[in-house]
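# Commentary on secondary and tertiary structure
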Amino acid sequence: MKFNIAVLPGDGIGPEITQQSVKVLRAVADRFDHEFNFEEAVVGAAAIDLLGDPLPETTLELCKKSDAVLFGAIGDPKYDNDPSAKVRPEQGLLKLRKELGLFANIRPVRAYESLIHKSPLKPENIEGADMVIFRELTGGIYFGEKSTAEDGRSASDLCTYSVEEIERIAHLAFKAAEERRKKLTLIDKANVLETSRLWRRTVTEIAKDYPSVKVEYLFVDNAAMQMILNPKQFDVILTENMFGDIISDEASVIGGSIGLLESASIGTENALFEPIHGSYPQAAGQGIANPIASVLSAAMMLDHLGLKKEAETVRMAVELSIKLNVCTIDINKDNHYSTERVGDFLESVISDTEGHIVNNENLNLGQMTII
Ligand code: IPM
Ligand code: MG
């Protein structure tokens, strides 16, 4: 099959991790006889530097006409440390999400068997943890009216939600729960926030359409604690934009590294795939960034394009790299591989139709000449 894929590497480690995903996708195209046309465009700080705009019109147009968008990362410390900056790289991503109507951000989190002993959390608490976070992505405080008083001594960010905004993502989350362990946890702050009370009412109403799904409600502060104490209780999490942003970074500790967590941002017309991590500017260009979150995002993209077997092949290659410790320094402290070599390994596993790598029981790091 033929697909047009927009590639937006963005800032910091974005370009080097995205490059590995493109490599992996090319290997998938070769092996399964597809045609993927990749077209690159600038976004974020890179686009501000070049064109003075974090989301140039040409980038937006390219994304709109593509079958899917592969996104790297966004952000640059020169803006983080300047609160008076008029344009910010993040505005590019937020505008892109809004313009493409990507209202649902789906973030799966699982504990990898071979990594649980490396987690700062107790292995017995995280073993078998497997959840997916549905984060609302185009509403709430991120997009509400913003203002700073003229004297600069007060500021405001408005948080607004409509029933429609809650309903459309809630249906997706309930449908996912039906296919999984049939439990949905709504995370909110309904003891304080009016918007959270609207979420609860709306979700309680929708729950009637999904009688097989058990619904639980958790306040976000308690949820943050439960995420560390007993993450196995979660199956599908549904939450608003900012709570989802925070909870998903926290949940990444369960996976062993934030460098492993992928995401899909879905709308009715478009879809974008990006790691949950940021641009990690300190690591840019050093070849130490973990490409797996980006590669797994590419796997979600393949799923979205209806290429299930291809997506599974990519996940299998990732599992193997983790099992064999062909990993970057965040996971493999003592004998780490570079970003590019991890990408090369994944590429060679995918291209290895004879099963030389997968079936070679004698394979160890020293013998891995194939990469
Ligand atoms: C994320 C990121 C973004 C967000 C930033 C870069 C704007 O943290 O995708 O989680 O807050 O949504
Ligand atoms: Mg975030």
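These numbers come from a predicted model, not from an experiment. (Residues numbered from 1 in each chain as written. Chains lettered and ligands numbered in written order. Predicted model: local features only at pLDDT ≥ 70, side-chain atom pairs only at ≥ 80, totals over all residues. Heavy atoms only, no water.)

### Focus on the overall build of the protein chain
Within the protein chain, the regular secondary structure consists of 14 helices and twelve strands. By the compact-globule yardstick of 21 Å for 371 residues, the protein chain fits well, its C-alpha radius of gyration being 21 Å. Counting every position in the protein chain, which comprises 371 residues, the buried fraction comes to 54%. Across the protein chain, the fraction of contacts at a sequence separation of at least 24, relative to all contacts at a separation of at least 6, is 75%. Per element, the accessible surface of the protein chain, about 16,500 Å² overall, is 51% carbon and sulfur. Charged side chains of the protein chain number 38 positive and 57 negative; the gap between the two group centres comes to 4 Å. (Helix = DSSP H or I, 4+ residues; strand = E, 2+ residues; numbered from the N terminus. Rg over C-alpha atoms; globule rule 2.2 N^0.38 Å. Buried < 20%, exposed > 50% of the residue type's maximum accessible area, 1.4 Å probe, protein only. Contact = heavy atoms within 4.5 Å. Areas by Shrake-Rupley, 256 points an atom, 1.4 Å probe, with all protein chains shown as cover. Lys, Arg positive; Asp, Glu negative; His and termini not counted. Charge placed at Lys NZ, Arg CZ, Asp CG, Glu CD.)

### Digging into the packing of helix α1 (residues 14-32) against helix α11 (residues 292-304)
At a minimum axis separation of 8 Å, α1 and α11 run at an interaxial angle of 40°. Judged by the inter-axis angle, α1 sits oblique to α11. Pair α1 / α11 crosses with right-handed handedness. Taken together, the residues of α11 that come into contact with α1 (itself represented by Ile17, Thr18, Gln20, Ser21, Val24, Leu25 and Val28) are Ser294, Val295, Ala298, Met301 and Leu302. Taken together, the residues of the contact of α1 with α11 sort by class into eight nonpolar, four polar and no charged. (Axes fitted to C-alpha atoms, helices over the stretch in contact; angles between N-to-C directions. Parallel < 35°, antiparallel > 145°, perpendicular 65-115°, else oblique. Left-handed = near helix turned anticlockwise from the far one by under 90°. Nonpolar A, V, L, I, M, F, W, Y, C, P; charged D, E, K, R; others polar.)

### Let's talk about the packing of aromatic side chains
Under the criterion given, the structure shown has four aromatic pairs. Here the aromatic rings of tyrosine 161 and tryptophan 199 are separated by 5.2 Å at their centres, their planes lie at 85°, and the arrangement is edge-to-face. Of this pair, tyrosine 161 sits in the loop between β7 (155-157) and α7 (163-179) while tryptophan 199 is found in helix α8 (residues 194-207), placing the two residues 38 residues apart along the sequence. Ring plane angle 10° and centroid distance 4.9 Å describe the contact between phenylalanine 174 and tyrosine 210, whose orientation is recorded as stacked. Here the residue phenylalanine 174 occupies a position in helix α7, and tyrosine 210 occupies one in the loop between α8 and β9 (214-219), the gap between them amounting to 36 residues. Owing to a relative accessible area of 0%, phenylalanine 174 belongs among the buried residues under this scheme. Above the plane of the ring of phenylalanine 143 lies lysine 98, whose end atom (NZ or CZ) is 4.8 Å from the centre. The ring of tyrosine 142 carries arginine 135 above its face, with NZ or CZ at 5.3 Å from the centroid. (Phe/Tyr/Trp six-rings, centres within 6.5 Å; stacked < 30°, edge-to-face > 60°. Lys NZ or Arg CZ within 6 Å of the ring centre and 35° of its normal.)

### Focus on the site of ligand 1
In the vicinity of ligand 1, the contacting residues are Ile74, Glu90, Arg97, Arg107, Arg135, Tyr142 and Asp245. Between ligand 1 and arginine 97 there is a distance of 2.7 Å, counted from an oxygen atom to a side-chain nitrogen or oxygen. The contact in question runs from an oxygen atom of ligand 1 to an N or O atom on the side chain of arginine 135, over 2.8 Å. For ligand 1, the protein covers 81% of the area, taking 320 Å² as the surface of the free molecule. Looking at which domains feed residues into the shell around ligand 1, each of domain 1 (1-102 + 267-371) and domain 2 (109-144 + 156-256) supplies at least three. (Near = heavy atom within 4 Å. Polar contact = N/O pair within 3.5 Å; in protein donor to acceptor, adjacent residues only side chain to side chain. Domains from an automatic or database assignment.)

### Looking at the nonpolar core
Formed by 91 residues in total, the largest nonpolar core has its most connected members in Phe36, Phe134, Phe174, Val203, Leu238 and Ile254. Looking at this core, you find at least three residues from each of domain 1 (1-102 + 267-371) and domain 2 (109-144 + 156-256). Filtering out sequence-adjacent residues up to four positions away, phenylalanine 36 remains in contact with Phe3, Ile5, Leu25, Val28, Ala29, Leu302 and Leu307. Counting residues in each nonpolar core, the second largest holds 16 residues, with Leu55, Leu96, Leu102 and Leu272 among its members. (Core = buried A, V, L, I, M, F, W, Y, C linked by side-chain atoms within 4.5 Å.)

### Regarding the sheet that holds strand β5 (residues 130-136)
Reading across from one edge, β2-β1-β3-β12-β11-β4-β5-β10-β8-β9 is the order of the ten strands in this open sheet, with mixed pairing throughout. Two strands lie at the open edges of the sheet, namely β2 (35-40) and β9, each paired on one side alone. Averaged over all neighbouring strand pairs, the angle between strand axes comes to 25°, with direction disregarded. In terms of strand pairing, strand β4 (residues 104-110) meets β5 through seven bridges, oriented antiparallel. (Pairing = 2+ DSSP bridges.)

### Describing the domain arrangement of the protein chain
Split by domain assignment, the protein chain resolves into domain 1 (1-102 + 267-371) and domain 2 (109-144 + 156-256). For domain 1 and domain 2, the distance between their C-alpha centroids amounts to 25 Å. Listed per partner, the contact involves twelve residues of domain 1 and 13 residues of domain 2. Joining domain 1 to domain 2, the criterion identifies zero salt bridges. Linking domain 1 with domain 2 are two residue pairs in polar contact (both at pLDDT 80 or more). Broken down by secondary-structure element, the contributors of at least two residues to the side of domain 1 that touches domain 2 are α5 (89-99) and α12 (308-323). For the side of domain 1 that touches domain 2, the residue count by class is six nonpolar, two polar and four charged. (Salt bridge = Lys/Arg side-chain N within 4 Å of Asp/Glu carboxyl O.)

### Topic: the environment of isoleucine 288
If you trace the backbone, isoleucine 288 turns up in the loop between β12 (271-273) and α11. For isoleucine 288, a relative accessible area of 24% puts it in the partly exposed group. What isoleucine 288 contacts, discounting residues up to four positions off in sequence, is Glu16, Tyr280, Ala283, Thr328, Ile329 and Thr339.

### Some points on the pattern of salt bridges
Here the structure, examined in full by the defined rule, presents 18 salt bridges. Here arginine 180 ties to aspartate 130 by a salt bridge, and the two come within 3.4 Å at their closest N and O atoms. On the criterion of sequence distance, the pair formed by arginine 180 in the loop between α7 and β8 (183-188) and aspartate 130 in strand β5 is long-range, its members being 50 residues apart. Its relative accessible area of 31% is what places aspartate 130 among the partly exposed residues. Across the salt bridge formed by aspartate 245 and arginine 135, the nearest N and O atoms sit 3.8 Å from each other. Highlighted residues: aspartate 245 in helix α10 (residues 241-255) and arginine 135 in strand β5, separated in sequence by 110 residues. On the basis of relative accessibility, which here comes to 26%, the residue aspartate 245 falls in the partly exposed class.

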